[in-house]
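Architecture at a glance
Next come the chains, spelled out residue by residue.
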Amino acid sequence: MEALRRLRLQGPYQVHVSPVLLVPDERAHHVFEGFGDGLATIARTLLQRYPEWAPATVLRGHTRADLTLAEVADREWQNDDVLVLHAIRTDHPGGLYGLVWVVKRLLGPGGCPWDQAQTHESLKRHLIEEAYELLEAIDRQDDASMLEELGDVLLQPVMHAEMRSEAGGWDTDGVAKAVTDKLVRRHPHVFGDSEARDADAVLAQWDRIKAAEKGDEKPASILNGVPPSLPSLLRAYEVSKRAARAGFEWPDIGAVWDKVREEEAELAEAVERGEGVEDELGDLLFTLVNVARWLKVDPEDALRRMVDRFTLRFQAMEARSSVPLTELSPEAWDDLWNEVKRTSGN
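Since the model is a prediction, treat every value here as computed from it, not as a measurement. (Residues numbered from 1 in each chain as written. Predicted model: local features only at pLDDT ≥ 70, side-chain atom pairs only at ≥ 80, totals over all residues. Heavy atoms only, no water.)

This next bit is on the packing of helix α14 (residues 299–320) against helix α15 (residues 330–344). Orientation of α14 relative to α15, taken along the N-to-C sense of each, is 115°, at an axis distance of 9 Å. Like other packed secondary-structure pairs, α14 and α15 cross with a definite hand, here right-handed. For the pair formed by α14 and α15, the contact residues are Phe310, Arg313, Phe314, Ala316, Met317 and Arg320 on the first element and Trp333, Leu336, Trp337, Glu339, Val340, Lys341, Thr343 and Ser344 on the second. For the contact of α14 with α15, the per-class residue count stands at eight nonpolar, two polar and four charged. (Axes fitted to C-alpha atoms, helices over the stretch in contact; angles between N-to-C directions. Helix = DSSP H or I, 4+ residues; strand = E, 2+ residues; numbered from the N terminus. Left-handed = near helix turned anticlockwise from the far one by under 90°. Contact = heavy atoms within 4.5 Å. Nonpolar A, V, L, I, M, F, W, Y, C, P; charged D, E, K, R; others polar.)

The next thing to look at is the pairing of strand β2 (residues 29–33). Burial of β2 is extensive: four of the five residues sit out of reach of the surface. Looking at chain direction, strand β1 (residues 13–17) and β2 are connected through five bridges and run parallel. By the bridge assignment for β2, tyrosine 13 is matched with histidine 29. Sheet topology note: the β2/strand β5 (residues 82–85) ladder contains three bridges and is antiparallel. Opposite phenylalanine 32, over in β5, you have leucine 83 as the bridge partner. (Buried < 20%, exposed > 50% of the residue type's maximum accessible area, 1.4 Å probe, protein only. Pairing = 2+ DSSP bridges.)

Next up on the list: the sheet that holds strand β3 (residues 55–60). Here five strands make up an open sheet; going across it, the order is β1-β2-β5-β3-β4 and the pairing mixed. In this open sheet, the two strands that pair with only one neighbour each are β1 and β4 (63–68). Between one strand axis and the next, the sheet turns by 20° as a mean value, whatever way the strands run.

This part is about the side chain of glutamate 263. Mapping glutamate 263 onto the fold places it in helix α12 (residues 253–273). With relative accessibility at 5%, the residue glutamate 263 sits in the buried group. With residues up to four places along the chain from it excluded, the contact list for glutamate 263 reads Glu280, Asp283, Leu284 and Thr287.

With that settled, the discussion passes to the nonpolar core. In terms of nonpolar packing, the biggest core is built from 18 residues, with Phe32, Leu46, Leu69, Val72, Trp77, Leu83 and Leu85 touching the most fellow members. Elements represented by at least two residues in this core include exactly α2 (39–46), β3, α3 (69–73) and β5. Sorting elements by how many residues they give to this core places α2 first, with five residues. The contact partners of leucine 46, leaving out residues within four places of it in the chain, are Pro24, Phe32, Leu69 and Leu85. In terms of nonpolar packing, the next biggest core, distinct from the first, is built from eight residues, Leu7, Leu9, Val31 and Leu59 among them. (Core = buried A, V, L, I, M, F, W, Y, C linked by side-chain atoms within 4.5 Å.)

Applying the stated criterion across every chain yields a total of 23 salt bridges. As a salt-bridge pair, arginine 140 and glutamate 136 come within 3.2 Å of each other at their nearest N and O atoms. Of this pair, arginine 140 and glutamate 136 are both found in helix α6 (residues 124–140), four residues apart, which corresponds to roughly one turn of the helix. Look at arginine 140 and you get partly exposed, because its relative accessible area is 44%. With its nearest N and O atoms 2.7 Å apart, the salt bridge here joins lysine 177 to aspartate 181. One end of the pair is lysine 177 and the other is aspartate 181, both in helix α8 (residues 172–185) and four residues apart, which spans about a single turn. Judged by relative accessible area, which is 53%, lysine 177 ranks as exposed. Via salt bridges that share partners, Asp139, Asp301, Arg304 and Arg305 belong to a single interconnected network. (Salt bridge = Lys/Arg side-chain N within 4 Å of Asp/Glu carboxyl O.)

The analysis is restricted to geometry; functional conclusions fall outside its scope.
See below:
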């Protein structure tokens with residue numbers, strides 16, 4: 001906004017163009033254009049909400065007059081004059097709207113150069129990093145860290161939404177409305193007349209409603225909604241869950257264990273042949289993911305926690321060993337590992 005840049009005013013702003021007069025927010029700067037000799041009337045209207053001392057500037061060509069709002073109300077103005085009413089509060093409203101306000105401030109005139117330089121693409125890695133930091137806090141059952149990391153995660157969609165808003169598109173309210181409408185549509189057992197007696201029925205109903213919403217002549221694959229960019233183990237878990245909901249399922253867990261033994265034998269044969277090892281190992285891993293699904297264990301969480309335990313135990317071995325670990329015999333390795341496992345409690 002040229003008037004604000006000229007006055008070096010930073011922060012959120014509203015532009016009022018005659019004959020439209022918006023509801024003013026004291027945290028924002030306001031620019032009134034096209035009101036001409038009616039600026040005094042506008043100022044008197046604003047005095048119903050603002051104090052007399054509220055700072056204002058009237059721009060006329062290359063000149064400016066810095067006044068109080070009361071002074072603007074007492075003078076006569078020309079048709080091309082532009083009134084700028086300065087913000088008189090610099091705080092934010094708190095809560096979710098406070099976060100949106102701060103992001104708008106960062107992205108708006110006089111905001112943060114780093115934030116303004118970001119793109120949807122450049123922020124992708126931050127969303128992933130923040131999500132994994134939240135998972136770590138959850139695994140540690142660290143309530144204070146969860147509060148902080150949830151805030152960091154929440155910041156990411158708000159940044160994307162307000163960046164889109166700056167470019168003339170939807171904003172955070174638009175994103176919230178879209179997901180709220182979707183939740184209501186896809187929970188008719190809560191907001192409508194249908195019934196869903198358990199979680200499996202809810203998921204099946206969700207898939208039916210989602211397919212109907214797409215409206216394609218040929219139904220889209222139930223697997224289309226699994227992002228290829230997911231970590232492979234998590235993607236395998238989501239694919240197996242969706243395939244099972246469509247009926248591609250073993251009759252019981254015993255049949256799944258039979259499949260594990262079958263894939264294990266095929267992997268051993270591939271190793272002996274010296275070909276097809278990668279494919280057979282993938283088949284075995286995917287079958288083990290299905291074992292996890294039958295046991296109602298998230299394999300991504302299980303593996304992450306196992307790696308955490310291994311890391312702690314290995315580091316404890318490094319701390320306890322009187323010689324570099326590379327100098328230990330196999331027997332010494334085994335003894336030290338068992339000692340750490342027995343005493344570490346991890």
